[in-house]
Amino acid sequence: MIRVEDLHKNFGKLHVLKGINAKVDKGDVVVIIGPSGSGKSTFLRCINLLEYPTSGKIYIEGELIDKKTDVNRIRQKIGMVFQHFNLFNNLNVLGNITLAPMKVKGLSKDIAEDIAFEFLKKIGLEDKIYAFPSQLSGGQRQRVAICRALAMQPDIMLFDEPTSALDPEMVKEVLMTMEGLAEEGMTMVVVTHEMGFAREVGDRIIFMDGGQILEESTPEQFFSHPENSRAQEFLSKVL
Ligand code: ADP
Ligand code: MG
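Rules and cut-offs
- Residues numbered from 1 in each chain as written.
- Chains lettered and ligands numbered in written order.
- Predicted model: local features only at pLDDT ≥ 70, side-chain atom pairs only at ≥ 80, totals over all residues.
- Heavy atoms only, no water.
- Pairing = 2+ DSSP bridges.
- Helix = DSSP H or I, 4+ residues; strand = E, 2+ residues; numbered from the N terminus.
- Axes fitted to C-alpha atoms, helices over the stretch in contact; angles between N-to-C directions.
- Contact = heavy atoms within 4.5 Å.
- pLDDT = per-residue confidence, 0-100.
- 1 Å grid on protein atoms, 1.4 Å probe; cavity = no way out; pocket = protein on both sides within 12 Å on 5 of 7 lines; lining within 4 Å.
- Points joined across faces, edges and corners; volume = space filled by probe spheres on them.
- Nonpolar A, V, L, I, M, F, W, Y, C, P; charged D, E, K, R; others polar.
- Near = heavy atom within 4 Å.
- Polar contact = N/O pair within 3.5 Å; in protein donor to acceptor, adjacent residues only side chain to side chain.

Looking at this structure, I do not really get the sheet that holds strand 6 (residues 78–81). What am I missing?
Pairing between the strands of a sheet comes from backbone hydrogen bonds, and it takes one of two forms, parallel or antiparallel. Read from one edge of the open sheet, 6 strands run 6-7-8-3-9-10, paired in mixed fashion. The open sheet is flanked by strand 6 and strand 10 (212–217), the only strands paired with a single partner. Averaged over all neighbouring strand pairs, the angle between strand axes comes to 20 degrees, with direction disregarded. One ladder, built from 5 bridges, connects strand 9 (residues 204–209) with strand 10; its direction is antiparallel. Looking across to strand 10, one finds that Phe207 is bridged to Glu215. With respect to the sheet, helix 5 (residues 138–150) is in contact with strand 6 and strand 7 (156–160), its orientation differing from that of strand 6 by roughly 170 degrees. Contacts from helix 9 (residues 229–238) reach strand 3 (29–33), strand 9 and strand 10, with the element oriented near 100 degrees to strand 9.

Pasting the structure below:
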């Protein structure tokens, strides 16, 4: 689904990604962990073409992404959920979820609304269909943001610290929604500090620091016997 070869990203003189190599297969749940500033968001943003790599190659479903690639076509395959939900505050839940399927995919209002309702029902928010973001809790907003991404029927979902901005009591409902998605076989790349989720739901853990992948292993291996000294240090602080 995703292959990344020797990816480098500079912001001016700042060398943020220093040769990332990674592969994500269909149905994989890859969890990226690492200290703040290590380049995790930049890595995700390169996969979703929100940033353009300085060098290196990214393949999405076998297709090499380059300057000629139709960004909108690729982004339709990849849903992204951010720390701050970025919902449109002037639209209700239904409006938020149906906007892109109608505008970008050209679906009719009826079909887009059917899809929205189906996903809202699945995550138990169908009674909020006409609510505005300001009327929802943080956890509900983030679940709506997940619904909105899913409504585009992506093949891959990227999550960038989806629970970091939430009050503690709302973290679980969002993680459970994500876990449900993983169980259905969605291909997912998740940046998170939720070590419980990483251990329980992740198929693979990628540990990043200083713009590099320092360790990549199974959750069992990573959490019981991390090999890299910086991974050991990181875990000693967060566990
Ligand atoms: P993480 O998500 O792991 O916390 P980021 O990918 O957000 O790390 O950032 C990695 C580094 O790149 C940081 O030093 C950050 O300040 C820098 N950076 C990120 N985005 C930009 C940008 N658009 N312009 C300049 N520097 C950036
Ligand atoms: Mg980040």
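Whenever I open this one, the confidence of the model for the chain confuses me. Can you help?
Atomic detail in the predicted coordinates should be set aside for any region of low pLDDT. Of all residues in the chain, 100% attain a pLDDT of 70 or more, and the chain-wide mean is 96. This complex was scored by the predictor with a pTM of 0.96 and an ipTM of 0.98.

Would you take a moment to explain empty space enclosed by the protein for this structure?
A water-sized probe rolled over the atoms picks out the places where empty space is left. Taken as a whole and judged by the stated rule, the model has 1 cavity of 30 Å³ or more. Together, Ile2, Val4, Ala22, Val24, Val30, Ile32, Phe43, Ile47, Val189 and Ile206 line the largest cavity. Grouping the amino acids of the lining of the largest cavity by side-chain chemistry returns 10 nonpolar, no polar and no charged.

Even after reading the chapter, I still don't get the site of ligand 1, so can you show me in this structure?
Every residue near ligand 1 is listed here: Phe11, Leu14, Val16, Pro35, Ser36, Gly37, Ser38, Gly39, Lys40, Ser41 and Thr42. Contact between ligand 1 and Ser38: an oxygen atom at 3.1 Å from a main-chain N or O atom of the residue. At 2.5 Å from an oxygen atom of ligand 1 is found a side-chain nitrogen or oxygen belonging to Thr42. Of all elements in the fold, only strand 2 (14–24) and helix 1 (40–47) reach the threshold of two or more residues within the shell around ligand 1. Of the residues forming the shell around ligand 1, the biggest block, 3 residues, is contributed by helix 1. Split by residue class, the shell around ligand 1 holds 4 nonpolar, 6 polar and 1 charged.

I tried to follow unusual backbone geometry on my own but got confused; where do I start?
With the exception of glycine, the majority of residues adopt a negative phi angle, and the majority of peptide bonds are in the trans configuration. One non-glycine residue, Glu61, lies in the positive phi region at around 45 degrees. Tracing the backbone through its elements, the reader meets Glu61 in the loop between strand 4 (55–60) and strand 5 (63–64). For Asn86, which is not glycine, the phi dihedral falls at a positive 55 degrees. With respect to the element layout, Asn86 can be found in the loop between strand 6 and helix 3 (93–103).

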